[in-house]
Amino acid sequence: MNRQAQAAVLFLVGAAVLHAGATDLYLRYVKAGLRPMLLGAGVVLIAAAVATVRYEMRGRGAPWRKGAGAAHEAGDVHETGHLREAAHAERGQERTGADADGSGDERTVTVTDGHGQAAQDGHADGHDHSHREPLVSWLLVLPLLALILVAPPALGSYSALRTGTALQKPLAYPPLGDRDPLPMSLVDYAGRAAYDHGHSLAGRHIRITGFVALDHAGTPYLVRMALNCCAADAQPVKIGLTGRIPPVLRPDGWLEVTGTYTGRRSKDPVNGGVIPFLDVSSAKPVQSPRDPYDESWNN
C-alpha cells in the first residue's frame, strides 16, 4: 500500500466517522456523550490524509532532487567504466604473464565502484531489488467497508436473553412527579421495584418503554440495554410483564406499556439477578427511540 492509498483510506475512514458523528448512526456504537470526540477524530483523520497527499506531491515536485540523482547516477556509471577498463588492462597483463611462464592460471579481479558494490567484467546483477508492499496491508480496508456498507442494529432480545440482568441497587430514590400516568425509565422502575419494594410506586400508574424479549417458556420481558461506554459493554435490565399482555408479541419490537407495581419477582436464569414485574393495564407498539440504549443507570 503506497502513500496515495494510505491517504485515501485515512480520508474515507475520517469521512465515515464524521458521517456517523453528524447523524444518529453513532448511537449504535457509543453513548451520546462521545459525539464530540468522534467528530474531532474524524477531522484529525481527514487532516492527516490531506497532509500525506501534500507531502507526497511536494516530494515528487522537487526537480533539483531528480537532477541531482541523475547526475550522481551518471557519475557512478562513468567511474565504473574507468574501473572496468583498468580491470581489463590488468587482466590482459596477467594473461600475458601467465602465457609467458606457462602456468595458464587465470585470476579474477574484483573491483569496487566506490560505493561498496562490486563491478564485474561484462556482467550485471540483473536482479530487481525493489520491494513491494505486503498485500496483507490491504486488509485495513475491511473495517472501512464494514463501517460504510454495514449499519448494525442495536443489541436486542438475542443478547438480552443470553446476558444476565445488570440491575443495581440505586444510591437514592428521588421524588417522583405528579403526572398520571407517570413516565419512567425502565431502569428506574426496576431499581425501585426490586430494592425499594415499591414503596415509592404504590398506587401510581407507570408508563415504560422498552423492547420485547421472550424466554424459552414464552414469558414476556420488557428490556433496555444499559450502556456504560459503547455497545461492546452493553448489558440488559429486564422487567417481567403480567396482566393484560397483548396476545401477539414480536421479539425486538418496541412496546409502550402502562401499568402498576406488583410484588411478583423472578430470578434471571443467567446470573440469578432480580427481575421485577409490572402489572400491565394497556400496551401499544411504538417506534424505536432515537437512542436505543439507556445511560441513566450509570449517571
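What counts and what doesn't
- The numbering scheme is per chain: residues are counted from 1 as the chain's sequence reads.
- This being a predicted model, a pLDDT of at least 70 is required before a residue's local features are given, and a value of 80 or more before pairs of side-chain atoms are given or counted; all residues contribute to the totals for chains, interfaces and linings.
- Side-chain descriptors were evaluated using all non-hydrogen atoms of the structure, hydrogens and water having been removed beforehand.
- Where helices are involved, their axes are fitted lines through C-alpha atoms of the stretch in contact, as for all axes, and angles between N-to-C directions lie from 0 to 180°.
- Each helix is a run of DSSP H or I of at least 4 residues and each strand a run of E of at least 2, with the numbering of both proceeding from the N terminus.
- Between 65 and 115 degrees an angle is taken as roughly perpendicular, under 35 as roughly parallel, over 145 as roughly antiparallel, and anywhere else as oblique.
- A clockwise turn of the near helix away from the far one marks a right-handed crossing, whereas an anticlockwise turn of less than a right angle marks a left-handed crossing.
- A patch consists of residues whose relative accessible area exceeds 30% and which take part in no salt bridge; residues with like charges are grouped when within 9 Å of each other, and nonpolar side chains (Val, Leu, Ile, Met, Phe, Trp, Tyr) when within 5 Å.
- Shrake-Rupley sampling with a 1.4 Å probe provides the accessible areas, and residues are treated as covered by the protein chains on show and by no other component.
- For salt bridges, the criterion is a side-chain nitrogen of Lys or Arg within 4 Å of an Asp or Glu carboxyl oxygen.
- The pairing criterion is simple: DSSP has to find at least two bridges between the two strands.
- Criterion for a disulfide: a pair of cysteine sulfur atoms at a distance within 2.5 Å.
- Three labels apply to residues, based on accessible area from a 1.4 Å probe with only protein chains included: buried if under 20% of the type maximum, exposed if over 50%, partly exposed otherwise in between.
- Here, nonpolar core means buried Ala, Val, Leu, Ile, Met, Phe, Trp, Tyr and Cys residues that are tied together by side-chain atoms lying within 4.5 Å of each other.
- Throughout, a residue-residue contact means that at least one pair of heavy atoms, one from each residue, lies within 4.5 Å.

*Asks:* Mind showing me how you'd approach the packing of helix α1 (residues 3–22) against helix α2 (residues 35–60) here?
*Replies:* Packed helices, taken two at a time, are described by their axes: the angle between them and the distance between them. Where α1 meets α2, the axes come as close as 8 Å, and the angle between the chain directions of the two elements is 160°. The angle between the axes of α1 and α2 places the two elements in the roughly antiparallel class. By crossing handedness, the relation of α1 to α2 is classed as left-handed.

*Asks:* Can you walk me through a nonpolar patch on the surface in this structure?
*Replies:* Residues Phe11, Leu12, Val136, Leu139, Leu142, Leu145, Ile148, Leu149 and Val150 make up a contiguous nonpolar surface patch of roughly 860 Å² in combined accessible area. Those elements that place two or more of their residues in the nonpolar patch are α1 and α4 (141–149). Ranked by the residues each element gives to the nonpolar patch, the list is headed by α4, at 4 residues. The residue isoleucine 148 is located in helix α4 in this model.

*Asks:* When you look at the pairing of strand β8 (residues 274–285) in this model, what are you seeing that I'm missing?
*Replies:* Note on strand geometry: in a regular strand, side chains alternate between the two faces of the sheet. Here strand β6 (residues 235–243) runs beside β8; their pairing, made up of 4 bridges, is parallel. Across the sheet, residue threonine 242 finds its bridge partner in β8, namely aspartate 279. Bridge analysis of strand β7 (residues 254–267) against β8 gives 11 bridges, and the strand direction is antiparallel. When the bridges of β8 are listed, serine 266 appears paired with isoleucine 275. Joining the antiparallel neighbours β7 and β8 is a turn of 6 residues, in which glycine 272 adopts a positive phi near 75°.

*Asks:* Is there a simple way to think about the state of the cysteines in this case?
*Replies:* Defined simply, a disulfide is a covalent bond joining two cysteines at their sulfur atoms. Across all of its chains, the model carries 0 disulfides by this definition. In this structure cysteine 229 is not part of a disulfide, and its nearest cysteine sulfur, from cysteine 230, lies 4.6 Å away. The exposure class assigned to cysteine 229 is partly exposed, which follows from its relative accessible area of 34%. The class for cysteine 230 is partly exposed, based on a relative accessible area of 22%.

*Asks:* Help me out: how do you make sense of the nonpolar core in this one?
*Replies:* The tendency in soluble globular proteins is for nonpolar side chains to be buried as a group. Tyr189, Ile206, Ile208, Leu222, Val237, Ile239 and Val257 are the most contacted members of the largest nonpolar core, which totals 23 residues. For this core, the secondary structure elements donating two or more residues are α6 (186–195), β4 (206–214), β5 (220–226), β6, β7 and β8. Those residues in contact with valine 237 that lie beyond four places of it in its chain are Thr165, Ala166, Leu167, Leu186, Val187, Ala190, Leu222, Val223, Arg224 and Ala226. Core analysis: the next-biggest nonpolar cluster, separate from the first, contains 12 residues, Ala213, Tyr221, Ile275 and Tyr293 among them.

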